[in-house]
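# Coordinate analysis (summary)
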Amino acid sequence: METDRSKKLYRLAKRVMVGGVSSPVRSFSAVKGEPLFIKRGYGSKVYDVDGNEFIDYVLSWGPLILGHSNRKVLNSIIKRIRMGTSFGAPSEAELLLAEEICSSIPSIERLRFVNSGTEATMSAIRLARAHTSRNKILKFEGCYHGHADYFLAKAGSGLATYGVLASEGVPEDVVANTIVARYNSIADVEDAFSRFGTQLAAVIIEPVAGNMGVVPPRPGFLEKIRKLCTLNDTVLIFDEVITGFRVSKGGAQSLYNVKPDITCLGKIIGGGFPVGAFGGKKEIMQRLAPEGKVYQAGTLSGNPVAMTAGIATLSMLKARDYRYLEEISSLLETEILAAAESKRIPLTVNRVGSMLGIFFTEDQVYNFQTVAKSKLNLFPSFHRTSLENGVYLPPSPFESIFLSTAHSYEDVQRTAVAFKKAFGDLH
Ligand SMILES: *Cc1c(COP(=O)(O)O)cnc(C)c1O
């Protein structure tokens with residue numbers, strides 16, 4: 001595979017941009033490679049600056065559920081852009097997208113638009129703290145909620161523990177209010193509530209974890225958290241930035257039938273533009289300015305172009321699209337397992353709808369500890385051979401593989417052939 005142009009651009013980018021990238025995982029450092037500079041995307045494919053074609057399973061890290069350059073989405077955006085790009089005043093597009101979201105996710109009675117998932121989770125925590133007059137929050141190891149200071153904590157030793165710093169530059173007293181528990185551990189959650197219950201402002205969780213590979217909740221886990229939050233007047237926040245409109249039109253909360261108090265959204269609702277949103281119970285959301293005294297604002301929030309891309313995307317997602325995504329993703333799962341078996345590679349696939357995580361182990365993978373025990377060191381080689389055979393996987397074993405409605409059966413078959421080679425190369 002010829003990648004001279006990408007190599008040259010990367011060299012130049014590193015001279016003016018930190019690490020040559022705008023977000024660290026894009027650097028390919030987790031797969032010991034160099035990033036490709038992507039020029040174009042159509043349907044399920046992306047093309048780099050050297051003209052190589054790849055079947056894309058990153059999809060801009062999840063947003064592009066209809067694939068690249070969807071014609072209806074593009075047409076709406078182009079029409080919208082011709083009328084101006086930003087006003088800093090209310091627009092009808094915000095109203096339409098808000099209506100679409102509220103009718104798809106009934107637990108959202110009121111919402112606010114922001115510019116990223118990070119802003120959504122950050123503002124949801126501020127709101128929960130104001131609502132409860134408490135400071136502590138509980139999160140789960142391996143879940144990602146953006147890069148606000150108090151989320152950059154990892155678990156210490158023992159059960160549910162006070163967070164340990166996961167980044168330089170974060171004050172210890174900020175992370176001191178973050179309690180970290182193991183995903184899928186009811187014992188940890190009970191322990192956290194028995195120790196801190198009346199001090200916990202919020203529990204925040206990815207209802208399907210998508211940032212440590214894909215890890216679904218075990219039966220009863222979300223239900224137990226819901227129950228303890230209700231008992232302790234703790235706000236339950238579902239971070240559905242990935243799962244919202246991905247695993248079903250109503251998100252993971254509809255799939256598992258557990259209602260949070262606040263939901264955070266991003267990715268798909270922006271149709272490929274920078275958007276986030278948080279929303280939930282009216283009596284909590286009303287604490288937000290201008291109705292209440294919790295401050296939150298944004299110059300470009302509710303940007304009409306981004307809102308238009310979101311409306312176009314959501315309005316095209318019908319029940320049959322989710323059925324198709326289920327079918328094609330289930331086929332990919334079967335093909336991956338068959339390819340691994342044919343090369344005698346121990347493998348576990350976790351899948352919820354069109355989100356897949358592959359782990360080099362035969363054991364069940366149900367939390368961060370079990371993810372860490374899988375053979376993560378095999379991933380870089382697997383990634384490289386897949387790429388050389390035309391399959392663009394997320395350049396990190398901790399990220400989800402995504403499919404879009406533009407992925408075809410033929411794409412999946414071609415992917416299976418590439419994977420077979422990649423598994424073979426592992427020996
Ligand atoms: C991507 C992501 C975020 C952060 O969203 P950004 O738009 O990157 O700030 C938050 N939570 C989850 C679950 C995510 O996957």
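Above this note sits the structure.
The structure reproduced in this document is the subject of the present report. (Residues numbered from 1 in each chain as written. Predicted model: local features only at pLDDT ≥ 70, side-chain atom pairs only at ≥ 80, totals over all residues. Heavy atoms only, no water.)

## Re the site of the ligand
S116, G117, T118, Y144, H145, G146, E206, N211, D239, V241, I242 and K267 make up every residue found near the ligand. Contact distances for the ligand include 2.8 Å between an oxygen atom and a backbone N or O atom of G117. Within the side chain of N211, an N or O atom sits 3.2 Å from an oxygen atom of the ligand. Compared with its free state, where it exposes 380 Å², the ligand has 83% of that area covered by protein. (Near = heavy atom within 4 Å. Polar contact = N/O pair within 3.5 Å; in protein donor to acceptor, adjacent residues only side chain to side chain. Areas by Shrake-Rupley, 256 points an atom, 1.4 Å probe, with all protein chains shown as cover.)

## Things to note about unusual backbone geometry
Here A289 and P290 are connected by a cis peptide whose omega angle stands at 10 degrees. Of note, the phi angle at S133 is positive, near 50 degrees, even though the residue is not glycine. Among the structural elements, S133 can be located in the loop between helix 4 (117-132) and strand 5 (136-140). With relative accessibility at 67%, the residue S133 sits in the exposed group. Positive phi, close to 65 degrees, is recorded for F245, a residue that is not glycine. Relative to the assigned elements, F245 resides in the loop between strand 11 (235-239) and helix 8 (251-256). Taking the relative accessible area as the measure of exposure, F245 reaches 0% and is therefore buried. (Helix = DSSP H or I, 4+ residues; strand = E, 2+ residues; numbered from the N terminus. Buried < 20%, exposed > 50% of the residue type's maximum accessible area, 1.4 Å probe, protein only.)

## Let's talk about the pairing of strand 5
Counting buried positions along strand 5 yields five of five residues, so the element is predominantly enclosed. Of the two faces of strand 5, both are covered, the one formed by K136, L138 and F140 as well as the one formed by I137 and K139. Relative to strand 10 (residues 200-205), strand 5 runs parallel, the two being bridged by three bridges. Considered in strand 10, the bridge of K136 is made with L200. Note that strand 5 and strand 9 (residues 178-181) share four bridges and pair parallel. Bridge pairing links I137 to T178 in strand 9. (Pairing = 2+ DSSP bridges.)

## Quick word on the sheet that holds strand 14 (residues 348-352)
Taking strand neighbours across the sheet as the criterion, the three strands line up as 14-15-17 in an open arrangement whose pairing is antiparallel. Strands at the two margins of the open sheet, each flanked by one partner only, are strand 14 and strand 17 (401-402). Here strand 14 runs beside strand 15 (residues 355-359); their pairing, made up of five bridges, is antiparallel. In the strand pairing of strand 15, N350 is matched with G357. Along the sheet, helix 11 (residues 319-342) contacts strand 14, strand 15 and strand 17; its crossing angle with strand 14, the most-contacted strand, is approximately 175 degrees. (Contact = heavy atoms within 4.5 Å. Axes fitted to C-alpha atoms, helices over the stretch in contact; angles between N-to-C directions.)

## Topic: the pairing of strand 3 (residues 53-56)
Bridge count for strand 2 (residues 45-48) against strand 3 is three bridges, and the pairing is antiparallel. Following the sheet pairing, V46 is matched in strand 3 by F54. Taken together, strand 2 and the strand that follows it, strand 3, pair antiparallel across an intervening segment of four residues, in which G51 is found at a positive phi of about 90 degrees. As paired strands, strand 3 and strand 16 (residues 391-392) are joined by two bridges and run parallel to one another. By the bridge assignment, D56 is partnered in strand 16 with Y392.

## So, the environment of E94
Along the chain, E94 turns up in helix 3 (residues 92-104). Distance in space between the C-alpha atoms of E94 and G270 is 11 Å, their sequence separation being 176 residues.

## Notes on the sheet that holds strand 16
Taken in spatial order, the four strands make up an open sheet running 1-2-3-16, and their pairing is mixed. Among the strands making up the open sheet, the edge pair consists of strand 1 (38-42) and strand 16. With respect to the sheet, helix 14 (residues 409-425) is in contact with strand 2, strand 3 and strand 16, its orientation differing from that of strand 3 by roughly 105 degrees.

## Points about empty space enclosed by the protein
Scanning the entire structure with this criterion turns up two cavities of 30 Å³ or more. Its volume calculated, the largest cavity comes out at about 50 Å³. In terms of lining residues, the largest cavity is bounded by L356, G357, I358, F379, P394, S396, P397, E399 and I401. The greatest single-element share of the lining of the largest cavity, amounting to three residues, is contributed by strand 15. Here the lining of the second largest cavity is built from residues that sort into six nonpolar, one polar and one charged. (1 Å grid on protein atoms, 1.4 Å probe; cavity = no way out; pocket = protein on both sides within 12 Å on 5 of 7 lines; lining within 4 Å. Points joined across faces, edges and corners; volume = space filled by probe spheres on them. Nonpolar A, V, L, I, M, F, W, Y, C, P; charged D, E, K, R; others polar.)

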